[in-house]
Amino acid sequence: MKPAPFAYRRPETVEEALEALAREPGAKVLAGGQSLVPLLSMRLASPGTLVDVNRLPGLDQVTVSDDEVRVGALVRHADLLAHAPAGERQPLLAMALAHVAHATIRNRGTTVGSIVHADAAAEMPTVLALLGGSVEVASVRGRRTIAAADLFAGPLESTIAADELALSAGFPVLGPGEGVGFAEVARRHGDYALCGVAGLVRVEDDAVTEARLGYLSVADVPTVVDVTGCDPAEAAARALERIEPGDDIHASAAYRAQLVKVLTRRVLTAATDDARSRDARRTG
Ligand SMILES: Cc1cc2nc3c(=O)[nH]c(=O)nc-3n(C[C@H](O)[C@H](O)[C@H](O)COP(=O)(O)OP(=O)(O)OC[C@H]3O[C@@H](n4cnc5c(N)ncnc54)[C@H](O)[C@@H]3O)c2cc1C
């Protein structure tokens, strides 16, 4: 199918973009188009106006500070994946991005667009939620920062207002004693996962002091479960208290629950090993 007719705007400044979004209720931001264009083509979305933000200056930068990796709204998945300093300070980014779609889609799709799209089957919303990151948004009313914990409202639904433009997302860097892990099962590498798990573990004097796991593709929203004090089998049981995997054409609920168990054990073990080896290198 072809998209329903829409007006196309291509602003040259952030201010022009915000004015267009404010002026035209129901307008949609077009970033990489890798989620929006299929929705338009299938007529699952038919906005009156598209505001193409690809010409806006200053949004294609990755900035690495002592606290966070900040990713501008026009940074493509592939550019973030290839950004060595970002990968060094927060290795979970590259671990997860390697599973986001296929190369051609990563070349065009943006990491911030994926977060705004708020698909619970996507990797980067779960990574943002697990790390406790945030998104900076702007509108004609001003700017605000939304913590990841307040961002994901429901299936494909975020708390970003229709007239707001996301400018960037901030991912906290690894702290001392922290380690990460990631694993997913997909029918084919690069397809949406049947289930995926991201992990963040902190150790002190070799003992685990904090452990959190983030789940994708098993609930309506990215879901973070605190598993501090759990061994891997207990962690899987705790996750399944929070998550009730559903059925779809790709997998039964029982199979997804089995994936939750297997991936929970695998990721918790890997993240703990990662934290211990980083801590040993740091202190030794
Ligand atoms: C075949 C295929 C397979 C895929 N597989 C995966 C996968 O395995 N994992 C995965 O994570 N993703 C996958 N994707 C999606 C891909 O990662 C998209 O690039 C991403 O979800 C959206 O980014 P985008 O820049 O293309 O956004 P767009 O498609 O341009 O926009 C998506 C939505 O976000 C809004 N939006 C985008 N940017 C902003 C902004 N700055 N401010 C406000 N609103 C904004 C748009 O209005 C729209 O509603 C796949 C896509 C395809 C086509």
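Definitions and limits used
Residues numbered from 1 in each chain as written. Predicted model: local features only at pLDDT ≥ 70, side-chain atom pairs only at ≥ 80, totals over all residues. Heavy atoms only, no water. Helix = DSSP H or I, 4+ residues; strand = E, 2+ residues; numbered from the N terminus. Buried < 20%, exposed > 50% of the residue type's maximum accessible area, 1.4 Å probe, protein only. Pairing = 2+ DSSP bridges. Axes fitted to C-alpha atoms, helices over the stretch in contact; angles between N-to-C directions. Contact = heavy atoms within 4.5 Å. Disulfide = S-S within 2.5 Å. UniProt positions renumbered as here; feature names shortened; annotations may be inferred. Near = heavy atom within 4 Å. Polar contact = N/O pair within 3.5 Å; in protein donor to acceptor, adjacent residues only side chain to side chain. Areas by Shrake-Rupley, 256 points an atom, 1.4 Å probe, with all protein chains shown as cover. Domains from an automatic or database assignment. Buried area = accessible area lost by both parts, 1.4 Å probe. Salt bridge = Lys/Arg side-chain N within 4 Å of Asp/Glu carboxyl O.

Re unusual backbone geometry
Phase 1: Residue Leu156 is not a glycine yet carries a positive backbone phi of 55°.
Phase 2: The phi dihedral of Asp206 falls on the positive side, at around 70°, and the residue is not glycine.
Phase 3: Examined against the element boundaries, Asp206 turns out to sit in the loop between strand E12 (193-204) and strand E13 (207-216).

Brief notes about helix H8 (residues 123-131)
Phase 1: Counting buried positions over the 9 residues of H8 gives 9, a clear majority of the element.
Phase 2: Note on H8: the residue one or two positions beyond its end, Gly132, has a positive phi of about 75°.

Regarding the sheet that holds strand E11 (residues 178-186)
Phase 1: As summarised here, the arrangement of the 4 strands in space is E11-E12-E13-E14, forming an open sheet in which the pairing is antiparallel. The strands lining the two open edges of the sheet, one partner per strand, are E11 and strand E14 (223-226). Strand-to-strand twist across the sheet, computed as the mean angle between neighbouring axes with direction ignored, equals 15°.
Phase 2: Both E13 and E14 contribute to a ladder of 4 bridges, which runs antiparallel. Residue pairing across strands places Tyr215 opposite Thr223, the latter belonging to E14.
Phase 3: Here helix H9 (residues 232-242) sits on the sheet and contacts E13 and E14; the angle it forms with E14, its principal contact strand, is near 135°.
Phase 4: Packing against the sheet, helix H10 (residues 253-283) makes contact with E11, E12 and E13, and its axis sits at approximately 30° to E12.

Here we look at the state of the cysteines
Phase 1: Tallied over the entire structure, the rule returns 0 disulfides.
Phase 2: Cys195 takes part in no disulfide bond, and the closest cysteine sulfur to it belongs to Cys230, at a distance of 17 Å.
Phase 3: Judged by its relative accessible area of 0%, Cys195 falls in the buried class.
Phase 4: Residue class for Cys230 comes out buried when judged on its relative accessible area of 15%.

Section: the UniProt feature "domain: FAD-binding PCMH-type" (unreviewed entry) in the protein chain
Phase 1: If you check UniProt for "domain: FAD-binding PCMH-type" (unreviewed entry), the listed places come out as residues 1-176 in our numbering.
Phase 2: Annotated as 32% helix and 24% strand, the span residues 1-176 places its first and last C-alpha atoms 52 Å apart.

Points about the environment of Val140
Phase 1: Counting through the fold element by element, Val140 comes out in the loop between strand E6 (134-139) and strand E7 (142-147).
Phase 2: Not counting the four nearest positions on each side in its chain, Val140 is found in contact with Leu18, Glu19 and Ala22.

As for the site of the ligand
Phase 1: Close to the ligand lie 29 residues; Val29, Gly33, Gln34, Leu36 and Thr110 are nearest.
Phase 2: At 3.4 Å, a side-chain N or O of Lys28 approaches an oxygen atom of the ligand.
Phase 3: Take His77: an N or O atom from its side chain is 3.0 Å from an oxygen atom of the ligand.
Phase 4: When the ligand sits alone it has 970 Å² of accessible area, and the protein chains cover 89% of it.
Phase 5: It is helix H7 (residues 111-117) that provides the largest number of residues to the shell around the ligand, a total of 4 residues.

A word on the domain arrangement of the protein chain
Phase 1: For the protein chain, the domain assignment lists domain 1 (1-173) and domain 2 (178-279).
Phase 2: Averaged C-alpha coordinates put domain 1 and domain 2 at centres separated by 25 Å.
Phase 3: With 24 residues of domain 1 at the contact, the number on the domain 2 side is 26 residues.
Phase 4: Summed over both sides, the interface between domain 1 and domain 2 buries roughly 2100 Å², with carbon and sulfur atoms accounting for 66% of that surface.
Phase 5: Three residues, His99, Ala120 and Leu130, lead the burial of domain 1 against domain 2; their summed loss comes to 30% of the area buried on that side.
Phase 6: On the surface where domain 1 and domain 2 come into contact, there are 0 salt bridges.
Phase 7: Our enumeration of links across domain 1 and domain 2 arrives at 7 residue pairs in polar contact (both at pLDDT 80 or more).

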